[in-house]
Amino acid sequence: MGVLRVDELRKSYGDVRAVDGMSFDVEHGELFGFLGPNGAGKTTTIRSLTGQIVPDEGTIDVLGTDPTTAPIETRTRVGILPEQATPPSFLTPEEYLEFVGDVRDLDEGAVADGIDRWAERLGFESKLETLHTDLSRGQQQKVMISQAFLHEPELVLIDEPLANLDPLVQEQVKQFLTSYAAADNAVFVSTHNIDVAADICTRVGIVADGKIVAERSVADETSDDLLETFLDHVDDANARDLPSLERDAIQT
Amino acid sequence: MSGAGTDASRSTQPSKSSSAPGQRGRPGRQRVGSSFVGDGTNRLLFAALLREEWRLHTQLFGGGRFLTFPLLIAVLTAGATVALVETGTAASTVVFGLHVLALGFGLYSGTAGFAGSSMLENVFGGLSLVLGTAATLPLSRRRLLGIFLVKDALFYAVVFVLPMATAAIPLEGVSATTPVDIATLWLSLSLVFAAGMTATVALIALRTRGVPTWTLLTLVAALASGVLGSASATLAVAQTLVVPQSASLPAGVGLAGATALVAAASLAVYDPTYGKPTRTAVDQFARLRRLGDTVPGATGVNDPLVVKTLLDLSRSAGGVWKPFVSAGILLALVAALVGVVHEITGIEPAPGIFFGGVLGLSAFTTYNWLTQFDALESYLAYPVTIADVFRAKRTAFVLVGTPAVAVPYLAAVLWFGAALIDALVGAVLLAGFGLYYYGLTVYIAGFDPNEFLFDSVRFGQFTVGVAVALVPALVAGFVVVPPTPEVALTLAGVGIGFGAIGAVLSSRAGPKWDRQYRHQ
């Protein structure tokens with residue numbers, strides 16, 4: 001049975017169709033890349049998958065739960081790393097992760113172990129008692145990544161996982177995501193970064209105009225192939241008219 | 001806002017050639033090295049800030065709702081003025097009340113507009129032109145803040161104070177001098193508004209120079225007790241400072257000059273590099289949670305959502321004292337008003353009923369503080385409902401709001417010598433009305449109580465909701481002094497009834513906003 005199944009999902013905001021017939025599924029062991037430009041409908045899809053908003057049409061199955069009718073059940077089962085940075089919280093990373101553990105009804109000892117493990121893995125041990133507001137954006141992102149995995153969920157939904165991280169930590173996070181998915185879990189990564197998708201994902205769904213327009217197994221494609229596929233499906237006329245300098249910039 | 005940002009960005013373009021593509025020369029803008037100089041830049045910044053403020057409000061509230069806001073202020077003020085005059089209140093008392101309101105709003109605007117505090121950063125983030133450009137353009141933060149304050153003073157003088165000034169019409173009746181009367185009152189109210197704003201700015205500027213908060217609070221308390229030491233002194237100060245139009249021309253000009261002087265000095269004193277050192281804290285979350293689990297009386301703090309709210313409040317700028325200060329300001333303004341009304345008319349209300357009813361309004365400011373440091377969306381990454389979040393806010397409101405309002409209420413009943421029955425019924429009104437105002441705020445404004453102040457529809461609903469409870473209680477407080485047992489019992493029943501309505505409203509707010517948010 002699949003971890004995540006989405007069928008003919010639709011969601012409009014007034015006259016704007018943010019998601020328009022989105023369908024895809026994700027299996028255990030997959031690191032699925034949800035690749036698309038800004039405004040393609042990625043965030044609206046994630047918000048639907050986690051029960052934050054109710055779609056207009058379509059069905060969603062997340063680990064056997066329906067986030068539209070039972071959002072709490074869904075959010076209990078999955079880990080979520082939202083796109084937008086959390087507003088300034090005055091908790092320290094230690095307190096914030098305790099808060100998350102408490103809200104998720106986790107065992108106190110397991111939370112304490114998890115805090116130590118994640119702080120060491122992402123290198124924020126020395127910041128455990130610094131107020132969240134006084135952390136750099138990169139440090140904040142590390143804490144947010146930690147909270148998404150604290151309860152070791154079967155499925156983690158991540159919006160731009162590497163935002164604000166330094167190259168070293170980016171590599172660590174990439175390796176972790178790959179190994180986490182390989183351990184019979186699933187990771188759903190929403191990104192507009194082709195290199196990230198090509199680097200870590202096992203399969204990529206390219207999103208444009210609110211739906212999946214192409215799916216590729218990354219094992220069969222190079223980063224350049226993925227870029228070509230992306231340009232073929234996403235606003236291709238405009239993208240291919242870009243000056244060569246800017247095309248080079250995209251590729252690098 | 002975007003337009004404002006675009007204009008400002010344009011000025012940063014390198015001027016390799018005046019005919020460079022996309023670049024246009026602008027009169028009044030000169031460059032020396034990497035610095036901007038000249039009045040042209042000030043005008044440009046002022047216009048950009050003004051445009052930003054305008055778009056912030058009109059786009060946030062769908063345009064029409066904000067555009068009708070000044071009209072609503074005018075209608076409410078005129079309505080209240082007519083009602084007060086018809087019931088025998090002296091015109092001078094009404095004018096004084098308007099000045100007290102303008103002063104209070106000025107004090108609040110100074111806090112919110114200048115502090116660069118946690119609240120401001122949460123609301124506007126890095127998008128605000130005034131906060132952003134100092135970091136990206138060769139412009140000093142001090143200069144930007146100076147222009148920002150002038151813009152704020154002028155913007156609110158037009159949007160908020162001018163409609164209030166129109167209340168002069170029913171005071172004097174329409175005549176050939178009406179435009180002059182309105183203009184005079186507007187200038188007078190604007191001056192008081194600016195003075196209030198400047199006072200707050202001065203305190204904040206001193207704070208950036210390391211003057212401890214407790215020293216500033218002591219200074220304010222000393223000044224207040226000295227100035228408001230007696231009713232006659234209050235009246236004298238009020239006529240000179242709070243109501244400039246009643247004082248002599250030199251006094252009015254003196255106040256204007258002093259305000260400008262203090263504002264300029266504050267900007268000079270203000271340290272733009274002021275920043276708090278990185279703050280650390282030992283684990284209070286676990287400690288509070290354990291307290292909630294083990295201490296029977298500590299109900300509420302066994303909820304992680306409540307604990308987070310309390311920690312956010314206590315560690316943000318101003319600490320846990322913010323709700324106390326807000327309630328204290330309300331107390332000071334109302335106390336001054338009562339003193340002046342008594343001095344002019346000889347009527348003094350039953351202090352318990354009067355202060356119990358009015359201080360309940362601090363429910364709005366307390367709830368506002370409790371929602372400034374998080375966003376509803378941020379909780380939706382966890383397995384909690386929106387109703388859970390609102391329930392936690394209500395618990396936090398009771399934990400923080402009760403002492404925040406009880407202290408000024410006790411001070412008021414002791415200071416004004418309330419009879420026991422009056423104090424008791426006032427306490428019931430305070431609790432009941434406080435819960436009612438809270439429920440009303442949460443139900444109408446959801447998680448954004450600060451924003452609905454400029455949404456005329458919601459503000460109108462809130463105002464009517466407040467008036468329905470408050471006006472009859474205040475009338476009773478003025479008419480039956482001290483309250484008879486029958487009146488006291490009736491008012492207590494009214495307080496309990498409104499409290500029950502507030503409980504129902506706050507319970508329904510969660511499901512209501514859950515529907516609105518998830519089905520947007």
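Anything mentioned here points back to the structure above.
These numbers come from a predicted model, not from an experiment.

**Student:** Which residues make up the pattern of salt bridges, and what are the values?
**Tutor:** Taken as a whole, this structure holds 22 salt bridges over all chains when the rule is applied. A:Glu152 is the salt-bridge partner of A:Arg117, the closest N and O atoms lying 3.3 Å from each other. Of this pair, A:Arg117 sits in helix α4 (residues 108–122) while A:Glu152 sits in the loop between α5 (137–149) and β6 (155–159), and the two are 35 residues apart along the sequence. Exposure remark for A:Arg117: the relative accessible area of 35% places this residue in the partly exposed category. Of the charged contacts in the structure, one is a salt bridge between B:Arg391 and B:Asp388, with a shortest N-O distance of 2.9 Å. Taken together, the residues span about one helical turn, with B:Arg391 and B:Asp388 both in helix α19 (residues 386–415) at a distance of three residues. When salt bridges that share partners are traced, they join A:Arg5, A:Asp25, A:Glu27, A:Glu30, A:Arg203 and A:Glu215 into one network.

**Student:** Give me the lowdown on the packing of helix α4 (residues 69–86) of chain B against helix α8 (residues 141–165) of chain B, citing residues and values where you can.
**Tutor:** Residues and elements named next belong to chain B. Between α4 and α8, the shortest axis-to-axis distance is 8 Å and the interhelical angle comes to 30 degrees. Between α4 and α8, the crossing angle belongs to the class labelled roughly parallel. Pair α4 / α8 crosses with right-handed handedness. Of α8, the residues touching α4 (which contributes Phe 69, Pro 70, Ile 73, Ala 74 and Thr 77) are Val 159, Phe 160, Pro 163 and Met 164. Class assignment for the residues of the contact of α4 with α8 results in eight nonpolar, one polar and no charged.

**Student:** Summarise unusual backbone geometry; cite the residues concerned and give the values.
**Tutor:** Residue and element names in this part refer to chain A. Positive phi values are uncommon outside glycine, yet Leu 63 reaches one of about 50 degrees. The topology assignment puts Leu 63 in the loop between β4 (57–62) and α2 (71–77). A positive phi angle, close to 60 degrees, is found at Asp 184, a residue other than glycine. Within the fold, Asp 184 resides in the loop between α6 (167–182) and β7 (186–191). On the basis of relative accessibility, which here comes to 51%, the residue Asp 184 falls in the exposed class.

**Student:** Residues and numbers for the packing of aromatic side chains, please.
**Tutor:** Summed over all chains, the structure comprises 31 aromatic pairs over all chains. Aromatic rings pair up to connect B:Phe105, B:Phe155, B:Tyr156, B:Phe160 and B:Phe193 into one cluster. One cation-aromatic arrangement involves A:Arg121 over A:Trp118; the distance from NZ or CZ to the ring centre is 4.5 Å. B:Lys322 extends its terminal NZ or CZ atom over the ring of B:Trp369, reaching a point 5.7 Å from the ring centre.

The rules behind each value
Residues numbered from 1 in each chain as written. Chains lettered and ligands numbered in written order. Predicted model: local features only at pLDDT ≥ 70, side-chain atom pairs only at ≥ 80, totals over all residues. Heavy atoms only, no water. Salt bridge = Lys/Arg side-chain N within 4 Å of Asp/Glu carboxyl O. Helix = DSSP H or I, 4+ residues; strand = E, 2+ residues; numbered from the N terminus. Buried < 20%, exposed > 50% of the residue type's maximum accessible area, 1.4 Å probe, protein only. Axes fitted to C-alpha atoms, helices over the stretch in contact; angles between N-to-C directions. Parallel < 35°, antiparallel > 145°, perpendicular 65-115°, else oblique. Left-handed = near helix turned anticlockwise from the far one by under 90°. Contact = heavy atoms within 4.5 Å. Nonpolar A, V, L, I, M, F, W, Y, C, P; charged D, E, K, R; others polar. Phe/Tyr/Trp six-rings, centres within 6.5 Å; stacked < 30°, edge-to-face > 60°. Lys NZ or Arg CZ within 6 Å of the ring centre and 35° of its normal.

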